[in-house]
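# An overview of the molecular structure
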Amino acid sequence: MRRALLLLAAATATTNDGVSYEARIVLRDRVRDMHAHALQSYMDHGYPHDELLPLSCEGRRWDARKRGTLDDSLGGYMMTLVDGVDTQLVVGDHEAFARSLDIITSEV
């Protein structure tokens, strides 16, 4: 995911003449698809908890304290959803952005 976002950033740089417009669109769409997959996995298996545990496909509860006080920083605010909402806007997934914003504003 991080690599894809870096590729997207590189593809949209105005000084990069080596990447065609078509290639940038392809990269943007790949990032959108990967982000949508990751967010849907979180919504299916981790929501409303802060994180999705990738091996067990369970949500990580901030109040379970499996990592000592490290979990306190998450605070039970659905951090995966909150953290990912800006990416939805950047890649143009406005419908998902609106749904996420509705959830965040009504439940956090």
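Residues numbered from 1 in each chain as written. Predicted model: local features only at pLDDT ≥ 70, side-chain atom pairs only at ≥ 80, totals over all residues. Heavy atoms only, no water.

### Some words on the overall build of the protein
Scanning the protein from terminus to terminus reveals 4 helices and 2 strands. Put simply, the protein runs from its N terminus to its C terminus through helices and strands in the order α-α-β-β-α-α. Within the protein, buried positions represent 25% of all 108 residues. Relative to all contacts within the protein whose residues are 6 or more apart in sequence, the contacts with residues 24 or more apart total 42%. (Helix = DSSP H or I, 4+ residues; strand = E, 2+ residues; numbered from the N terminus. Buried < 20%, exposed > 50% of the residue type's maximum accessible area, 1.4 Å probe, protein only. Contact = heavy atoms within 4.5 Å.)

### Concerning the packing of helix H3 (residues 79–90) against helix H4 (residues 94–107)
It is at 8 Å that the axes of H3 and H4 come closest, and there the two elements cross at 150°. Taken together, the axis directions place H3 and H4 in an arrangement best described as roughly antiparallel. In the crossing of H3 with H4, the sense of the turn from one axis to the other is left-handed. For the pair H3 and H4, contact is made by Leu81, Val82, Val85, Gln88 and Leu89 and by His94, Ala96, Phe97, Ser100, Leu101, Ile103 and Ile104, respectively. Residue composition of the contact of H3 with H4, grouped by class: 9 nonpolar, 3 polar and no charged. (Axes fitted to C-alpha atoms, helices over the stretch in contact; angles between N-to-C directions. Parallel < 35°, antiparallel > 145°, perpendicular 65-115°, else oblique. Left-handed = near helix turned anticlockwise from the far one by under 90°. Nonpolar A, V, L, I, M, F, W, Y, C, P; charged D, E, K, R; others polar.)

### A look at the pattern of salt bridges
What the rule picks out here adds up to 2 salt bridges. Measuring nitrogen to oxygen at the nearest pair gives 2.9 Å for the salt bridge that ties Asp29 to Arg28. The exposure class of Asp29 is partly exposed, given its relative accessible area of 27%. Here Arg28 falls in the partly exposed class, since its relative accessible area comes to 28%. For Asp29, the salt bridge is made with Arg32, and the minimal N-O distance between the two is 3.7 Å. One end of the pair is Asp29 and the other is Arg32, both in helix H2 (residues 21–45) and 3 residues apart, which spans about a single turn. Owing to a relative accessible area of 24%, Arg32 belongs among the partly exposed residues under this scheme. Here the salt bridges share partners, and the residues they tie into one network are Arg28, Asp29 and Arg32. (Salt bridge = Lys/Arg side-chain N within 4 Å of Asp/Glu carboxyl O.)

### Considerations on the packing of aromatic side chains
Applying the stated criterion to the full structure yields 1 aromatic pair. When the centroid spacing of 6.4 Å and the interplanar angle of 90° are considered together, the rings of Tyr42 and Tyr47 count as edge-to-face. The exposure class of Tyr42 is buried, given its relative accessible area of 1%. According to the relative accessible area criterion, Tyr47 is partly exposed, its value standing at 25%. (Phe/Tyr/Trp six-rings, centres within 6.5 Å; stacked < 30°, edge-to-face > 60°.)

### Focus: the side chain of Gln88
Here Gln88 lies in helix H3. If we ignore the near neighbours within four places in the chain, the residues touching Gln88 are His35, Leu39, Asp93, Ala96, Phe97 and Ser100.

### Describing the environment of Ser100
Positionally, Ser100 belongs in helix H4. Placed 16 residues apart in sequence, Ser100 and Gly84 show a C-alpha to C-alpha distance of 9.0 Å.

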